Amino acid sequence: MNSERPEEFSEPSLSKGRQTSDDRRDSETAGDHGPSDDATRHEATVLVRGETIRDQEPKSLPKDQEKSPRNEVSEAKLKMQSRLPALNDDPDVGVQKEQIVIRDGKADLAFTGTLLASAAPPSAPKGQWQEYRIYETNGGKHVFSKVTRSVFAEDQDSHEAEAFDPSPSSVPSQLLRSARELARSRPLTWLDAAVAFFGYDPLAKALYRKLSGQFEEHIS
């Protein structure tokens, strides 16, 4: 009796071929070096309106070109702003006392007299505002004051002031000429001098209205 052994069949070895392929791929890539960071950065581009712009690292601005921080706010000025249109010396209106009116670039004006009226805007959205005042001295002269304030600590307040004396020789020539143009043929008065100093802006008109309408032009 013949004993037949079944033929043994084995599947083709795929692992060897796969390994050879993998080894080839590894050997091909082993010698390649990926592009350096500099090359990648150099090759990266952005297309803007048809122009090619190289991708570059942002550069910091020089210290002298950096945006400076906003000015610090003065707490005292901020309190004054919050009270507008009220002013600190409103209780002194009509009270005779020693007065000192500050002037920039000139001697301050010191006198005994009365604050007749003052005016300030109802608000100061940009942190700046003006204050107008009219005084009368015991000697019959009038003093006009204009103060410009700012809530920022680094901004200095500015002070302008002029004194009006009924005697023509004591009136500054420029103020006298402006008042004469306004008064035309009328005798020069302190009302004319006030208009020459303050003008007719809204704040000046608010100041004039506190003086019983003496600055209104009456027509028939």
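Since we're looking at a predicted model, the values are computed, not measured.

Cut-off values and rules
Residues numbered from 1 in each chain as written. Predicted model: local features only at pLDDT ≥ 70, side-chain atom pairs only at ≥ 80, totals over all residues. Heavy atoms only, no water. Helix = DSSP H or I, 4+ residues; strand = E, 2+ residues; numbered from the N terminus. Contact = heavy atoms within 4.5 Å. Areas by Shrake-Rupley, 256 points an atom, 1.4 Å probe, with all protein chains shown as cover. Pairing = 2+ DSSP bridges. Axes fitted to C-alpha atoms, helices over the stretch in contact; angles between N-to-C directions. Buried < 20%, exposed > 50% of the residue type's maximum accessible area, 1.4 Å probe, protein only. Arc of directions from axis to C-beta. 1 Å grid on protein atoms, 1.4 Å probe; cavity = no way out; pocket = protein on both sides within 12 Å on 5 of 7 lines; lining within 4 Å. Points joined across faces, edges and corners; volume = space filled by probe spheres on them. Phe/Tyr/Trp six-rings, centres within 6.5 Å; stacked < 30°, edge-to-face > 60°. Lys NZ or Arg CZ within 6 Å of the ring centre and 35° of its normal. Core = buried A, V, L, I, M, F, W, Y, C linked by side-chain atoms within 4.5 Å. Salt bridge = Lys/Arg side-chain N within 4 Å of Asp/Glu carboxyl O.

A. A look at the overall build of the protein chain. The helix and strand tally for the protein chain stands at six helices and seven strands. Its helices and strands in sequence order give the protein chain the pattern α-α-β-β-α-β-β-β-β-β-α-α-α, from N to C terminus. Sequence separation of at least 24 residues holds for 45% of the intrachain contacts in the protein chain that already meet a minimum separation of 6. Surface exposure of the protein chain reaches about 16500 Å², of which carbon and sulfur atoms provide 49%.

B. The arrangement of the sheet that holds strand β4 (residues 109-119) in detail. Taken in spatial order, the five strands make up an open sheet running β3-β4-β5-β6-β7, and their pairing is antiparallel. In the strand order of this sheet, the two ends are held by β3 (96-101) and β7 (158-164), each with one partner. Between one strand and the next, the sheet's axes are offset by a mean angle of 40 degrees, whatever the strand orientation. Alignment of β4 against strand β5 (residues 128-137), held across six bridges, turns out to be antiparallel. Bridging from a neighbouring strand, leucine 115 pairs with tyrosine 135 of β5. Contacts from helix α3 (residues 75-83) reach β5 and β6 (142-150), with the element oriented near 75 degrees to β5.

C. Just helix α6 (residues 202-209), in detail. Listed as buried for α6 are Leu203, Ala204, Leu207 and Tyr208. The buried residues of α6 occupy one face: seen down the axis, they fall within an arc of 140 degrees. Residues of α6 that are exposed and point more than 90 degrees away from the buried face comprise Pro202 and Arg209. The inward-facing, buried residues of α6 contact β4, β5 and α5 (190-198).

D. Main features of the pairing of β4. Of all the 11 residues making up β4, eight are buried; the element is thus mostly covered by neighbouring parts of the structure. For β3 and β4, the ladder comprises six bridges, and the chain directions are antiparallel. Counted as the bridge partner of lysine 97 is glycine 113 from β4.

E. Spatial organisation of the layout of surface pockets. Roughly 380 Å³ of volume is contained in the second largest pocket. The wall of the second largest pocket is formed by 21 residues, among which Asp89, Ile100, Arg133, Tyr135 and Arg149 lie closest to the centre. Among the elements of the structure, α3, β3, β5 and β6 are those that each provide at least two residues to the lining of the second largest pocket. Per-element accounting of the lining of the second largest pocket gives the leading share, five residues, to β3.

F. Structural view of the packing of aromatic side chains. Under the definition given, this model contains six aromatic pairs. The interplanar angle of 35 degrees and the centroid separation of 4.9 Å between the aromatic rings of tyrosine 132 and phenylalanine 198 together place this pair among those described as tilted. Here tyrosine 132 is found in strand β5, whereas its partner phenylalanine 198 is found in helix α5, with 66 residues between them in sequence. By the burial criterion, tyrosine 132 is buried, and phenylalanine 198 matches it. Every member of this aromatic cluster is reached through a ring pair, and the members are Tyr132, Phe144, Phe197 and Phe198. Directly above the ring of phenylalanine 197 sits lysine 146, whose terminal nitrogen or CZ lies 5.3 Å from the centroid.

G. Summary view of the nonpolar core. With 18 residues, the main nonpolar core has Ile134, Phe144, Trp190, Phe198, Leu207 and Phe215 as its most contacted residues. Taken together, the elements giving at least two residues each to this core come down to β4, β5, α5 and α6. Per element, the largest residue contribution to this core is six residues, and it comes from α5. Membership of the second largest hydrophobic core comes to eight residues, among which are Met80, Leu84, Leu87 and Val151.

H. View of the environment of asparagine 138. Among the secondary structure elements, asparagine 138 is positioned in the loop between β5 and β6. Judged by relative accessible area, asparagine 138 falls into the partly exposed class, the value being 48%. When the C-alpha atoms of asparagine 138 and phenylalanine 111 are compared, they prove to be 8.1 Å apart, with 27 residues separating the residues in sequence.

I. Representation of the pattern of salt bridges within the structure. Per the counting criterion, the structure on display carries eight salt bridges. For glutamate 162, the salt bridge is made with lysine 106, and the minimal N-O distance between the two is 3.3 Å. Residue glutamate 162 is found in strand β7, and its partner lysine 106 is found in the loop between β3 and β4; the two are separated by 56 residues along the sequence. Residue classification places glutamate 162 among the buried residues on the basis of a relative accessible area of 17%. In this structure, lysine 141 engages aspartate 165 in a salt bridge whose closest nitrogen and oxygen atoms are separated by 3.6 Å. You can see lysine 141 sitting in the loop between β5 and β6 and its partner aspartate 165 sitting in the loop between β7 and α4 (173-183), a full 24 residues away along the chain. We classify aspartate 165 as buried; its relative accessible area is 19%. A network of salt bridges, in which partner residues are shared, links Lys77, Asp89, Glu131, Arg133, Arg149 and Asp157.

Nothing here speaks to function; it is geometry throughout.
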